[in-house]
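# Secondary and tertiary structure notes
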Amino acid sequence: MRNKLNFYLMPSVFFACLFLVFCNFGLAQPAKPENARLRKREKIPEERISGKTELDDMVRVETNLIVSEVLVLDERGEPVTGLRPNDFIVKEDDKLQQITVFSFSSSEVVPRSIILIIDYSGSQLPYIKTSIEAAKLLVDKLPPQDRMAVVTDDVQLIQDFTGDKSLLKTRLESLKTDALAGRHGQSRQYSALMKVLNETAANTSRRPIIIFQTDGDELIKLKDALSNGYTVENGAADFRFADVLKAVETTGATLYSIIPGVRFVGIPQDRVFERAKTEAVNIETAYAALHEKPFDPKDLKLTAKYLKSIAAARLRQQSALTVIARKTSGSAFHLETPDQAEMIYSEILSKMNVRYLIGYYPTNQNRDGKRRNISIKLPNYRQYEIRGRKTYIMGKK
């Protein structure tokens, strides 16, 4: 049983110009993947509804326009609307910047590219059905100008950017069908995220938003965790967690993490042990369902040492996913029970629609590859809380 548990744990004339400005959204050109050949991705034939293709490189767009998504909250934590450009003061490395682009996030002027990275590995079986149905509801609510793509945890692009809601829902349904039939993903969620950050999100002509639904158990296979016994040859990734954070920072995408499973982040120590038991039962139940084997929770015999290891692993994974989301001024959501999926996706859509887009051309135009600090303030509304990107990395020429 321990081996089975280890399997899941380790594993966008004036308006025309404005449009072009938005279409060139992106902070700066991120580092290109080694040996990558930039090319446009071929369209997936419509008849390949359940087929998959490797994520391909796309034509890269360069711009010095820095755009930040900003969420403004009042004293009750409610989003503040109706603010104007002259309400904000923007500084970069303590130097005042002129706001040249300003829009409320729900405006149709700035279309979005939404990339759903979804984990459909075996450990996600308790959540896959309802989370897929919730993702379909998100698709139904997308404005006509938005586009969406779907990527899986086995680093496959199963649907390129499209506004065809019927096609998107068909692709999502195919994932549910595959997972419930035992054809599940490979738990390479961070590898998929890095591919998206370095290629797809960096090259989209729209405002990139990533929804990252996973338990993040590939964390143990990242390069800075090779002390766990993994090598690149037997499945470890060739990048570090710090590389993921840098790619997120460089790309300028906003990321929302959806974390399926029992929550361990922010839980008092005296409740961790019982939650670890629940997580162990969930893992074993998913394993039994995947392999069509009978399972009775009463038969589980778990040691305190092993439950501590489960809690520690989950805490590390969930903390990492929370850090990534906060790095982009996004949010992390815990999907502890399947019936929470619809509420979470609805809240993500709501958060996406109440942000301000603030853009400027930095006074320092030197493409030096260095990290720069962004300060956005509301001097006349000091009671409001501002959540937004605090840094970015200017790509080199």
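Since the structure is predicted, the reported quantities are computational estimates derived from the model, not experimental observations.

## Observations concerning the sheet that holds strand 14 (residues 385-388)
Reading across from one edge, 5-12-2-14 is the order of the four strands in this open sheet, with antiparallel pairing throughout. The open sheet terminates on both sides in strands that have one partner only, identified here as strand 5 (99-104) and strand 14. Across the sheet, the axes of successive neighbouring strands diverge by a mean angle of 25°, strand direction being ignored. Sheet topology note: the strand 2 (residues 66-73)/strand 12 (residues 356-360) ladder contains five bridges and is antiparallel. When the bridges of strand 12 are listed, Glu 69 appears paired with Leu 357.

## Topic: helix 6 (residues 241-251)
Burial within helix 6 is extensive, with eight of its eleven residues counted as buried. Turning to helix 6, its buried residues number three or more, namely Phe 241, Val 244, Leu 245, Ala 247, Val 248, Glu 249, Thr 250 and Thr 251. Backbone geometry just after helix 6 places Gly 252 at a positive phi near 85°.

## Examining the packing of aromatic side chains
The tally for this structure, following the rule as stated, stands at seven aromatic pairs. Both rings, one in Phe 104 and one in Tyr 356, keep their centres 5.0 Å apart while their planes meet at 70°; by these two values the pair is edge-to-face. Of the two residues, Phe 104 is situated in strand 5 and Tyr 356 in strand 12; the sequence distance between them amounts to 252 residues. These aromatic residues form a ring-pair network of at least three members: Phe 88, Phe 102, Phe 104 and Tyr 356.

## A word on the sheet that holds strand 15 (residues 391-393)
A sheet is described by the order of its strands in space; here four strands give the open sequence 4-3-13-15, paired in antiparallel fashion. The strands lining the two open edges of the sheet, one partner per strand, are strand 4 (95-97) and strand 15. For this sheet the average axis-to-axis angle between neighbouring strands, irrespective of direction, equals 35°. In this sheet, strand 15 lies alongside strand 13 (residues 371-377) in antiparallel orientation, the contact comprising three bridges. When the bridges of strand 15 are listed, Arg 371 appears paired with Ile 393.

Definitions and cut-offs
Residues numbered from 1 in each chain as written. Predicted model: local features only at pLDDT ≥ 70, side-chain atom pairs only at ≥ 80, totals over all residues. Heavy atoms only, no water. Pairing = 2+ DSSP bridges. Helix = DSSP H or I, 4+ residues; strand = E, 2+ residues; numbered from the N terminus. Axes fitted to C-alpha atoms, helices over the stretch in contact; angles between N-to-C directions. Buried < 20%, exposed > 50% of the residue type's maximum accessible area, 1.4 Å probe, protein only. Phe/Tyr/Trp six-rings, centres within 6.5 Å; stacked < 30°, edge-to-face > 60°.

Don't take any of this as a statement about function, it's just geometry.
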